[in-house]
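Notes for the structure review
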Amino acid sequence: MSTLITNIAELMTQDLEHRVLKNAAVVIEGERIAWLGSAEDAPAADDAVDAGGRAVLPGWVDSHTHLVFAGDRTAEFEARMAGESYSAGGIAVTMDATRRASDFDLTRLAMARVSEAVSQGTTYLETKTGYGLDIEHEARSARIASTVVDEVTYLGAHLVPLGTDADAYTDLVCGPMLDAVRPYVRWADVFCEEGAFTAEQSRRVLEACRAAGLGIRVHGNQLGEGPGVQLAVELGAASVDHVNYLSSRDVAVLAESWSGWSPDTGSGSRGTVATCLPACDLSTRQPLAPGRELLDAGVQVALASNCNPGTSYTSSMAFNVATAVLQMRLSVHEAVRAATYGGALALHREAGHDADGVRAVGSLAVGHRADLHMLNAPSATHLAYRPGMPLTYAVWRAGVRAR
Ligand SMILES: N=CN[C@@H](CCC(=O)O)C(=O)O
Ligand SMILES: [Zn+2]
């Protein structure tokens with residue numbers, strides 16, 4: 001079964017050549033993109049959709065979320081808006097509510113959040129554990145997450161539960177808790193920050209998880225300059241996320257990590273993606289991550305929602321893209337790239353065609369997964385020009401119409 005989507009005013013491919021095609025068309029066949037190019041040259045297909053002069057871009061790749069949770073933190077948000085500052089301690093409130101929730105409720109809540117994201121154009125999603133914080137509840141969160149999203153990250157090292165010795169808890173995270181979550185996860189993460197995990201504890205967690213075959217990522221430099229970025233690069237993490245407070249050395253180390261990779265061919269050894277989370281920065285009243293500076297230095301950047309009940313209760317990638325353009329000074333093309341190809345790069349899913357056994361996400365090319373986002377607008381520029389407007393018109397996820 002093939003579908004021709006034609007009369008596309010602007011097709012922003014985010015492929016390696018950065019092609020933006022005018023008056024374009026795409027053919028989807030099953031889960032893959034079978035053809036794309038000028039509408040005049042489009043081949044016939046079983047079915048046709050008239051885009052009516054709208055823009056099409058890759059579906060968003062949201063590479064950083066925390067969707068498996070129960071409970072509410074409205075009061076904490078209100079206190080913050082009244083002048084309180086964010087601290088990691090709020091995680092314990094969500095931990096209590098999450099532990100109390102039934103499997104059914106936790107699954108239903110996570111699924112509802114996924115469907116909110118998909119209805120706004122997100123077609124590939126990562127989510128983390130991190131609100132269970134004991135063996136039973138971390139394993140349960142990982143299992144539930146694996147049924148609702150594409151990529152699952154183990155974040156047992158999110159907070160040391162109250163009354164627990166930090167080093168003993170770190171041992172648990174590196175040992176029996178890791179064994180319990182291992183069947184469900186591809187990634188591991190650690191909150192390397194004052195009030196959460198020290199550099200030494202973070203290193204232990206990341207090394208143990210890496211030895212267990214997991215890819216690694218880091219929450220770093222969110223609340224102040226710290227060791228997160230340099231630890232992430234040293235250990236070969238796929239991404240370091242937040243990156244609000246960076247020294248010039250941090251930026252240089254991140255840039256250096258990409259020196260063996262070619263952006264023109266997408267080949268070579270990947271470095272550590274710097275993932276900016278602008279909605280979180282606004283909701284915690286932190287300075288915005290220096291996305292412009294990172295791009296100018298040659299760092300590969302991703303944008304993600306960080307949807308979670310504490311610091312960023314939104315899965316709107318469009319909001320993050322608009323903020324990155326309006327306030328972080330990325331161009332629309334750069335911001336959309338960071339929210340599609342950049343997220344895929346952070347999840348090691350940016351490459352793969354028909355013969356590779358895995359299809360690339362986050363960019364549009366023949367053989368890639370047919371993840372498309374059609375805007376109710378003639379160009380992607382409208383994402384920043386009309387911030388806050390409901391611009392998602394249609395979504396295809398792995399070739400299936402999802403909205
Ligand atoms: N910074 C650490 N973890 C989350 C927030 C978790 C929470 O407060 O519930 C984040 O990415 O911002
Ligand atoms: Zn996070």
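Residues numbered from 1 in each chain as written. Chains lettered and ligands numbered in written order. Predicted model: local features only at pLDDT ≥ 70, side-chain atom pairs only at ≥ 80, totals over all residues. Heavy atoms only, no water.

**Looking at the domain arrangement of the protein**
Selection rule: Note that domain bounds follow an automatic or database assignment of domains. Any Lys or Arg side-chain nitrogen located within 4 Å of an Asp or Glu carboxyl oxygen qualifies as a salt bridge. Polar contact is the term for a pair of N or O atoms within 3.5 Å; when the atoms are in protein, one must be able to donate a hydrogen and the other to accept it, and sequence-neighboring residues count only if both atoms are side-chain atoms. The way it works is that DSSP assigns letters per residue, a run of H or I at least four long becomes a helix, a run of E at least two long becomes a strand, and they are numbered from the N terminus. In this classification, Asp, Glu, Lys and Arg are treated as charged, Ala, Val, Leu, Ile, Met, Phe, Trp, Tyr, Cys and Pro as nonpolar, and every other residue, Gly included, as polar.
Domain annotation of the protein identifies domain 1 (2-59 + 353-401) and domain 2 (60-330). A C-alpha centroid distance of 29 Å is found between domain 1 and domain 2. A salt bridge links arginine 369 to aspartate 150; the nearest nitrogen and oxygen atoms lie 3.9 Å apart. Joining domain 1 to domain 2, the criterion identifies 4 residue pairs in polar contact (both at pLDDT 80 or more). Of all the secondary structure elements, the ones that give two or more residues to the side of domain 1 that touches domain 2 are strand 4 (47-58), helix 15 (382-385) and strand 16 (392-397). Broken down by element, the side of domain 1 that touches domain 2 gets its largest block of residues, 4 residues, from strand 16. A class-by-class count of the residues in the side of domain 1 that touches domain 2 yields 9 nonpolar, 4 polar and 3 charged.

**Some thoughts on the sheet that holds strand 17 (residues 400-401)**
Heads up, the condition is: Two strands pair if DSSP finds at least two bridges between them.
As summarised here, the arrangement of the 7 strands in space is 3-2-1-4-15-16-17, forming an open sheet in which the pairing is mixed. Strands with a single pairing partner mark the edges of an open sheet, and in this sheet they are strand 3 (32-38) and strand 17. In this structure, strand 16 lies alongside strand 17, joined through 2 bridges in antiparallel fashion. Looking across to strand 17, one finds that tryptophan 396 is bridged to arginine 401.

**Some remarks on the sheet that holds strand 14 (residues 301-303)**
Our working rule: Every axis corresponds to a line fitted to the C-alpha atoms, with the helix fit spanning only the stretch in contact, and the corresponding angles, defined between N-to-C directions, vary from 0 to 180 degrees.
A sheet is described by the order of its strands in space; here 8 strands give the open sequence 5-6-7-8-9-10-13-14, paired in parallel fashion. Pairing within the sheet leaves two strands with one partner each, and these edge strands are strand 5 (60-62) and strand 14. Adjacent strand axes in the sheet meet at a mean angle of 25 degrees when their direction is disregarded. The sheet contact formed by strand 7 (residues 151-157) and strand 8 (residues 187-192) spans 3 bridges and is parallel. Bridge pairing in strand 8 links tyrosine 154 to alanine 188.

**Side note on the UniProt feature "binding site: N-formimidoyl-L-glutamate" (unreviewed entry) in the protein**
Quick reminder of the rule: UniProt positions are given in the numbering used here, feature names are shortened, and annotations may be inferred rather than shown by experiment. A simple rule labels every residue: compare its accessible area, found with a 1.4 Å probe on the protein chains alone, to the largest value its type can have, and call it buried under 20%, exposed over 50%, or partly exposed in between. Contacts are assigned to residue pairs that have any heavy atoms within 4.5 Å of one another.
The feature "binding site: N-formimidoyl-L-glutamate" (unreviewed entry), as annotated in UniProt, sits at Tyr131, Asn308 and Gly310 in this numbering. The greatest C-alpha distance among the annotated residues, which extend across 180 residues, is 11.3 Å, indicating that they converge on a single site. Relative to the assigned elements, asparagine 308 resides in the loop between strand 14 and helix 12 (317-326). Taking the relative accessible area as the measure of exposure, asparagine 308 reaches 4% and is therefore buried. Once residues lying within four places of it in the same chain are set aside, the contact partners of asparagine 308 are His66, Phe69, Tyr131 and Tyr313. In this structure the side chain of asparagine 308 is engaged in a polar contact, spanning 2.6 Å, whose partner is the backbone nitrogen of glycine 310. Here glycine 310 shows up in the loop between strand 14 and helix 12. Leave out the neighbours within four places in its chain, and glycine 310 touches Arg73, Glu76 and Arg80.

**Overview of the nonpolar core**
To be explicit about the condition: For our purposes a nonpolar core is just a set of buried Ala, Val, Leu, Ile, Met, Phe, Trp, Tyr and Cys residues, chained together by side-chain atoms within 4.5 Å.
Of all hydrophobic cores here, the largest spans 96 residues; its most connected members are Tyr154, Val243, Leu294, Val336 and Leu383. A domain-level breakdown of this core finds at least three residues from each of domain 1 (2-59 + 353-401) and domain 2 (60-330). Here valine 336 is in contact with Met12, Gln14, Leu57, Trp60, Val321, Ala380 and Leu383, once residues within four sequence places are set aside. Counting 17 residues, the second largest nonpolar core, distinct from the first, contains Ile5, Leu21, Val26 and Met374.

**A short note on the coordination of the zinc ion (ligand 2)**
Just so we agree on the cut-off: Counted as donors are the N, O and S atoms within 2.8 Å of the metal, or 3.2 Å for Na, K and Ca, while water is not among the atoms, so some sites may look incomplete.
Every protein donor of the zinc ion (ligand 2) is accounted for by His64 (NE2), His66 (NE2), His219 (NE2) and Asn306 (OD1), and the metal-donor separations fall at 2.0 to 2.7 Å. In primary sequence terms, the donor set of the zinc ion (ligand 2) follows H-x1-H-x152-H-x86-N. A residue pair is termed long-range when its members are at least 10 positions apart, and histidine 64 in the loop between strand 5 and helix 1 (74-81) and histidine 219 in strand 9 (residues 215-220) qualify at 155 residues. Judged by its relative accessible area of 0%, histidine 64 is buried. The exposure class of histidine 219 is buried, given its relative accessible area of 3%.

**Examining the site of ligand 1**
Going by this rule: Nearness is judged by heavy atoms alone; a residue qualifies as near a molecule or strand once a single heavy atom is within 4 Å of it. All accessible-area figures derive from a Shrake-Rupley calculation using a 1.4 Å probe, and residue coverage is judged against the displayed protein chains alone.
Around ligand 1, a shell composed of 15 residues is seen, among which Tyr86, Tyr131, His158, Gln222 and Thr311 lie nearest. Between an oxygen atom of ligand 1 and a side-chain N or O atom of histidine 66, the distance comes to 3.4 Å. Interatomic distance of 2.7 Å between a side-chain N/O atom of threonine 311 and an oxygen atom of ligand 1. Compared with its free state, where it exposes 330 Å², ligand 1 has 100% of that area covered by protein.

**A closer look at the side chain of arginine 32**
Mapped onto the elements of the fold, arginine 32 is located in strand 3. Leaving out residues up to four positions away in the same chain, arginine 32 has contacts with Val27, Asp354, Arg359, Val366, Gly367, His368 and Ala370.

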